[in-house]
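Chain residues, written in single-letter form:
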Amino acid sequence: MQIASTLLKMGAGLGLVAFTALGTPASVLAQTAGKPNVVILATGGTIAGAGASVLNSATYAAAKVPVDKLLAGLPELANIANVKGEQVSQIASESFTNDNLMKLGKRISALVKQADVDGIVVTHGTDTLEETAYFLNLVIRTSKPIVVVGSMRPGTALSADGALNLFDAVSVAASKDAAGKGVLVTMNDEIQSGRDVAKTINIKTEAFKSQWGPLGMVVEGNNYWFRAPVKRHTAQSEFNIDDFDALAPVEIVYGYGNVSRTALDAVAKSGIKALIHGGTGNGSVADRIVPALQEVRAKGIQVVRSSRVPEGFVLRNAEQPDDKYDWVVAHDLNPQKARILAAVALTKNVDSKELQRIFWQY
Ligand code: DAS
């Protein structure tokens, strides 16, 4: 606790002053009739981080600033919405587990059923933000806006990006025109699809990209839309977090030069229901790994071919005879998103043909 309080004291630099100014009462800003009601669920990450000096844009402790301080530091939110904060967790997102996802999802599923909730914002670490956003996109049955947001710099750093990212997230979550577009991610002025977006750069504020482009931009509280998702999501999903209490166990193994089957064999014995193969190129599989994956399939474990290449998509029956081996291809989903979809899909009793249909549609 000593470190945390020291960090917070030291963190009263330019950024945190913005986050702790005015001492607005914890977690609820002034409520105004007629304004949209947005609930902010805080999970941790850099957006709640604090560094020792304003020059520490990359060296800092994540998950230190509580949600009431995040809200207190952004009184401008009261101009666009009635906001209420809840601290769901306080962790760096590289440490997220399936249990964290389920707890967050169950809370959101309950909140969106409330008539007095118009939108949801989730503040989150950037490392696994894309996984959480995709998960919520698959399992929350609502058309209300859900926006996941993080930051690449802590609030204590020069040119911190968290405050504007958070303002944009609340602004979009309070917007009627953001309804029905699936789970969204607002980072760096862009409105991204939670399904498509990935963290592509680990040291710049312009870190989140989709190979299919953003859905739009948010500038000074106004949304500018340029496209809408075509894959199934949220209210149109066949999955509902209310119907299950745990995700299916799914692991990932990667392809690379000189790869051996050691990791794959170990993972295959861990009780998984699917194995994601993050292959080279077009989801290619090293010749010595093909029999290993066939053995995995023979055990009743689903095999999904994804690719470690950040863009493009894996073609069925191109690099490998998927029909013959009864394997599934992940389409354009990167390995970490393919894990999320397989983990959700296999909460139901689906065969490989159904699983492939699900990968085409979501
Ligand atoms: N460790 C990173 C995380 O919590 C910090 C961040 O970028 O949010 O995801």
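Because the structure is a prediction, the values reported are computed rather than measured. For every chain, the first residue of the written sequence is number 1, and numbering continues from 1 onward in sequence order. It should be noted that, the model being predicted, local features are given only for residues of pLDDT at least 70 and side-chain atom pairs only at 80 or more, the latter also being counted only at that level, while totals for whole chains, interfaces and linings use all residues. Values reported for side chains reflect all heavy atoms of the structure, with hydrogen atoms and water molecules removed beforehand.

**Notes on the site of the ligand**
Working step 1: Gly 45, Thr 46, Tyr 60, Ala 92, Ser 93, Glu 94, Gly 125, Thr 126, Asp 127 and Ser 151 make up every residue found near the ligand.
Working step 2: The term polar contact refers here to a pair of N or O atoms within 3.5 Å; inside protein, the definition further demands a hydrogen-donor-capable atom paired with an acceptor-capable atom, and it admits residues adjacent in sequence only when both atoms are side-chain atoms. In the model, an oxygen atom of the ligand is placed 2.4 Å from a nitrogen or oxygen of the Thr 126 side chain.
Working step 3: At 2.8 Å from an oxygen atom of the ligand is found a main-chain nitrogen or oxygen belonging to Asp 127.
Working step 4: A total of 260 Å² of accessible area belongs to the ligand in isolation, and the protein chains cover 91% of it.
Working step 5: The pocket and cavity definitions rest on a 1 Å grid over protein atoms only: a 1.4 Å probe that fits but cannot leave marks a cavity, an open set with protein on both sides within 12 Å along at least five of seven lines marks a pocket, and residues lining either have an atom within 4 Å of a point. Molecules are considered to sit inside a cavity or pocket once more than half of their atoms lie within 2 Å of its grid points. According to the grid-proximity analysis, the pocket containing the ligand is the second largest pocket.
Working step 6: Tallied by class, residues from the shell around the ligand come to 2 nonpolar, 6 polar and 2 charged. We call a residue near a molecule or strand whenever a single non-hydrogen atom of that residue lies within 4 Å of it. Shrake-Rupley sampling with a 1.4 Å probe provides the accessible areas, and residues are treated as covered by the protein chains on show and by no other component. For this classification, the nonpolar set comprises Ala, Val, Leu, Ile, Met, Phe, Trp, Tyr, Cys and Pro, the charged set comprises Asp, Glu, Lys and Arg, and every other residue, Gly included, is treated as polar.

**Some thoughts on empty space enclosed by the protein**
Take a probe with the size of a water molecule and roll it over the atoms, and the empty space left behind shows itself.
Working step 1: Grid points are joined across faces, edges and corners, and a volume is the space filled by probe spheres set on the points. In the structure shown here, the tally under the stated rule is 2 cavities of 30 Å³ or more.
Working step 2: Its volume calculated, the largest cavity comes out at about 40 Å³.
Working step 3: Lining of the largest cavity is provided by Thr 142, Ser 143, Lys 144, Pro 145, Ile 146, Ala 178, Ala 179, Gly 180, Lys 181, Gly 182, Val 183 and Thr 234.
Working step 4: Of the residues belonging to the lining of the largest cavity, the class tally is 5 nonpolar, 5 polar and 2 charged.
Working step 5: The calculated volume of the second largest cavity comes to roughly 30 Å³.
Working step 6: In terms of lining residues, the second largest cavity is bounded by Thr 43, Val 88, Ser 89, Phe 96, Asn 100, Lys 103 and Leu 104.

**So, the pairing of strand β5 (residues 184–187)**
Working step 1: The two faces of β5 match: Leu 184 and Thr 186 on one face and Val 185 and Met 187 on the other face are all buried.
Working step 2: Pairs of strands are assigned from DSSP output, requiring at least two bridges between the strands. The secondary structure listing takes helices from DSSP runs of H or I that are at least 4 residues long and strands from runs of E that are at least 2 residues long, numbered from the N terminus. Taken together, the 2 bridges between strand β4 (residues 146–149) and β5 define a ladder with parallel strand orientation. Looking at the pairing, Val 148 lines up with Val 185 of β5.
Working step 3: Convention used here: a crossover is right-handed provided that the path from the first strand, over the helix, to the second strand proceeds clockwise when the strands point away from the viewer. Remark: the β4/helix α6 (residues 162–173)/β5 crossover connection has left-handed handedness.
Working step 4: Relative to strand β6 (residues 190–193), β5 is paired through 4 bridges, and the arrangement is antiparallel. Bridging from a neighbouring strand, Met 187 pairs with Glu 190 of β6.
Working step 5: The loop that links β5 with its antiparallel partner β6 comprises 2 residues; one of these, Asn 188, has a positive phi angle of about 60 degrees. Partly exposed residues are those whose accessible area sits between 20% and 50% of the maximum for their type, while under 20% is buried and over 50% is exposed, using a 1.4 Å probe and protein chains only.

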